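Report on the structure
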Amino acid sequence: MNDIDSLPIRDELRGKSPYGAPQLDVPVRLNTNENPYPLPDPLVERIAQRVTEAARDLNRYPDRDAVELRAGLAHYLSRTAGHPVTREQVWAANGSNEVLQQLLQAFGGPGRTALGFEPSYSMHALLARGTGTGWLSGPRNEDFTIDIDAAVRTIAEQRPDIVFICSPNNPTGTAVTEETVLALYEAAQAARSDGHGALVVLDEAYGEFSHHPSLLPLIEGRPTLVLSRTMSKAFGAAGLRLGYLAADAAVVDAVQLVRLPYHLSAVTQATALAALEHTDTLLGYVEQLKAERDRLVDELRAMGCQVTESDANFVQFGRFDGAAGSHAVWEALLAHGVLVRDNGVPGWLRVSAGTPEENDTFLDAVRAVTKELK
Ligand code: PMP
């Protein structure tokens, strides 16, 4: 086999690695912010029923506009996120990664730029690269919150076309305040020279786990503010691949210009609709995970670790001796059968909240490793 560099690949992809958390077969996997609870049996049965019905029509293309599913997602958001939205304001795709990619295809692209505040979800930058959009990295405070003044200055100077705000932020767990979003949105309005405000994408993949309400209500009257959500975390359905956005209906019209025809399979639509029927049970698991997340924060602090405030289903902990220190702890935890994530934030690691038993195993491993490495 030739190597990639012998191919006529785009220059900006040369020498780059694909996104990928290690998928290792270890007893306790707490590295990809998955929900540890399998879907409940009644939901599994309902999925089988709905998929069987969909299978009868698989000779036909699926509903291209996913009308029933978007109505279901709009109902879910209206009921749980503090603001009524209509089906016309909601769009769905194969995971929120695809939603974000479609936004970049429609609003970014060659000659345009996107700005994010790092460390944050690394796919924002990778999706920018894949769509030929320039990437700009903005600063964060020591405690990983966004420095409003510095962010507003960066937006004014760099004039990005898209601004990513991740709340709660991956990998730090940090929630973003309403005040921050409003200030950045305001700055983004003045950013572009053609009179249109820049698109502000609020990535709330972990929104359901927050101590604070969703910032969905802010989309009202703000035509370039987009909220992105997923069924991968709170719905415990990472394997389903279903993400969605809520925004002004014009944004939904815009992403339809770039989406592939029939991008959401009939099987995906049927499965997601079944999951929505079981929202309340699934949100019950979210409550358990929030309690476990808070326990992880408390117990890690009691052990003397530094822990970043978390509003997500994971916790960033440290502080180890730079990148080498965090990597040594990552390896030592792996030797104890616990896989956490080294996101490349020097001195810090990230652990996803698992079941109470998994979290106990993780906490015991941290206790052992801290002694071993002393
Ligand atoms: N946004 C954030 C902040 C994430 O952490 C993730 C997944 N790790 C995603 C989006 C994408 O999730 P999915 O494509 O599974 O919806």
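Residues numbered from 1 in each chain as written. Predicted model: local features only at pLDDT ≥ 70, side-chain atom pairs only at ≥ 80, totals over all residues.

Points about the overall build of the chain
The helix and strand inventory of the chain stands at 11 helices and 12 strands. Rg of the C-alpha trace for the chain: 21 Å, near the compact-globule value of 21 Å for 374 residues, within the 12% margin. Dimensions of the chain, computed from C-alpha atoms along their principal axes, come out at roughly 60 × 55 × 55 Å. For the chain, buried positions account for 46% of its 374 residues. Considering only intrachain contacts with a sequence separation of at least 6, the fraction spanning at least 24 residues in the chain is 72%. (Helix = DSSP H or I, 4+ residues; strand = E, 2+ residues; numbered from the N terminus. Rg over C-alpha atoms; globule rule 2.2 N^0.38 Å. Buried ≥ 20, exposed ≤ 12 C-beta atoms within 10 Å, placed from the backbone. Contact = placed C-beta atoms within 7 Å.)

Re the nonpolar core
Ala92, Val163, Leu184, Val200 and Val226 are the most contacted members of the largest nonpolar core, which has 102 residues in total. For valine 163, the contacting residues outside a window of four places in its chain are Leu115, Ile155, Leu184, Ala188, Ala198 and Val200. (Core = buried A, V, L, I, M, F, W, Y, C linked by C-beta atoms within 7 Å.)

As for helix H8 (residues 266-277)
With 12 residues, H8 extends 17 Å from end C-alpha to end C-alpha; this agrees with the ideal 16 Å at 1.5 Å per step. Ala266, Thr268, Gln269, Ala270, Thr271, Ala272, Ala274 and Ala275 are the residues of H8 that are buried. Buried residues in H8 make contact with helix H1 (41-55) and helix H2 (67-80). (Expected span 1.5 Å × (residues − 1).)

Some points on the site of the ligand
Near the ligand lie 13 residues; those nearest to it are Gly95, Ser96, Ala205, Thr230 and Ser232. Top contributing element to the shell around the ligand by residue count: helix H3 (residues 95-107), with three residues. (Near = placed C-beta within 6 Å.)

Notes on the packing of H2 against H8
Helix-helix packing: each pair is described by the crossing angle between the helix axes and the interaxial distance. Their axes nearest at 10 Å, the elements H2 and H8 cross at an angle of 25°. Looking at the two axes, H2 sits roughly parallel to H8. Judged by the sense of rotation from one axis to the other, the crossing of H2 with H8 is left-handed. The residues of H8 that touch H2, namely those facing Glu68, Leu69, Gly72 and Tyr76, are Gln269, Ala272, Leu273 and Leu276. Looking at the contact of H2 with H8 residue by residue, the class counts come to five nonpolar, two polar and one charged. (Axes fitted to C-alpha atoms, helices over the stretch in contact; angles between N-to-C directions. Parallel < 35°, antiparallel > 145°, perpendicular 65-115°, else oblique. Left-handed = near helix turned anticlockwise from the far one by under 90°. Nonpolar A, V, L, I, M, F, W, Y, C, P; charged D, E, K, R; others polar.)

Digging into the domain arrangement of the chain
Interfaces are often described in size by the accessible area the parts lose on coming together. Domain assignment breaks the chain into domain 1 (21-39 + 280-372) and domain 2 (41-277). Measuring from the centre of the C-alpha atoms in domain 1 to the corresponding centre in domain 2 gives 26 Å. Facing the 25 residues of domain 1 at the interface are 23 residues of domain 2. Within the side of domain 1 that touches domain 2, the residues separate by chemical class into 11 nonpolar, seven polar and seven charged. (Domains from an automatic or database assignment.)

Focus on the environment of glycine 72
With respect to the element layout, glycine 72 can be found in helix H2. Sequence spacing of glycine 72 and glycine 207 is 135 residues, and the spatial spacing of their C-alpha atoms is 18 Å. Setting aside residues up to four positions removed in sequence, glycine 72 forms contacts with Leu273 and Leu276.

A closer look at the UniProt feature "modified residue: N6-(pyridoxal phosphate)lysine" (unreviewed entry) in the chain
Residues annotated by UniProt as "modified residue: N6-(pyridoxal phosphate)lysine" (unreviewed entry) correspond here to Lys233. Along the polypeptide, lysine 233 turns up in the loop between strand E7 (225-230) and strand E8 (243-246). If sequence neighbours within four positions are ignored, lysine 233 has contacts with Asn33, Asn35, Ala205, Tyr206 and Asn313. (UniProt positions renumbered as here; feature names shortened; annotations may be inferred.)

Concerning the packing of helix H10 (residues 322-335) against helix H11 (residues 356-372)
Interaxial distance between H10 and H11 falls to 10 Å at its minimum, and their mutual angle equals 125°. In this view, H10 runs oblique relative to H11, as classed from their interaxial angle. The handedness of the crossing between H10 and H11 comes out as right-handed. Taken together, the residues of H11 that come into contact with H10 (itself represented by Val329, Ala332 and Leu333) are Ala365, Val369 and Glu372. Per-class residue counts for the contact of H10 with H11 are five nonpolar, no polar and one charged.

Overview of the sheet that holds strand E12 (residues 349-352)
With antiparallel pairing, the three strands of this open sheet are ordered in space as E9-E10-E12. Among the strands making up the open sheet, the edge pair consists of strand E9 (306-307) and E12. (Pairing = 2+ DSSP bridges.)

Some remarks on the pairing of strand E3 (residues 113-117)
Within E3, four of the five residues are buried, leaving the element largely enclosed by the surrounding structure. Examined bridge by bridge, E3 and strand E4 (residues 134-138) share five bridges and lie parallel to one another. Paired with leucine 115 across the two strands is leucine 136, which belongs to E4. Taken together, E3, helix H4 (residues 122-130) and E4 constitute a β-α-β crossover, and its handedness is right-handed. Alignment of E3 against strand E5 (residues 162-166), held across two bridges, turns out to be parallel. (Right-handed = clockwise from strand over helix to strand, strands pointing away.)

A look at the pairing of strand E10 (residues 314-318)
Along E10, four of the five residues are buried, which leaves the element largely enclosed by surrounding structure. Two strands pair when backbone bridges link them, and E9 and E10 are joined in this way by two bridges, in the antiparallel orientation. Pairing of glutamine 306 across the sheet is with glycine 318, part of E10. Counting the residues between successive antiparallel strands, the hairpin from E9 to E10 contains six residues. As judged from the four bridges shared by E10 and E12, these two strands associate in the antiparallel manner. From the neighbouring strand, phenylalanine 314 faces E12, where its bridge partner is serine 352.

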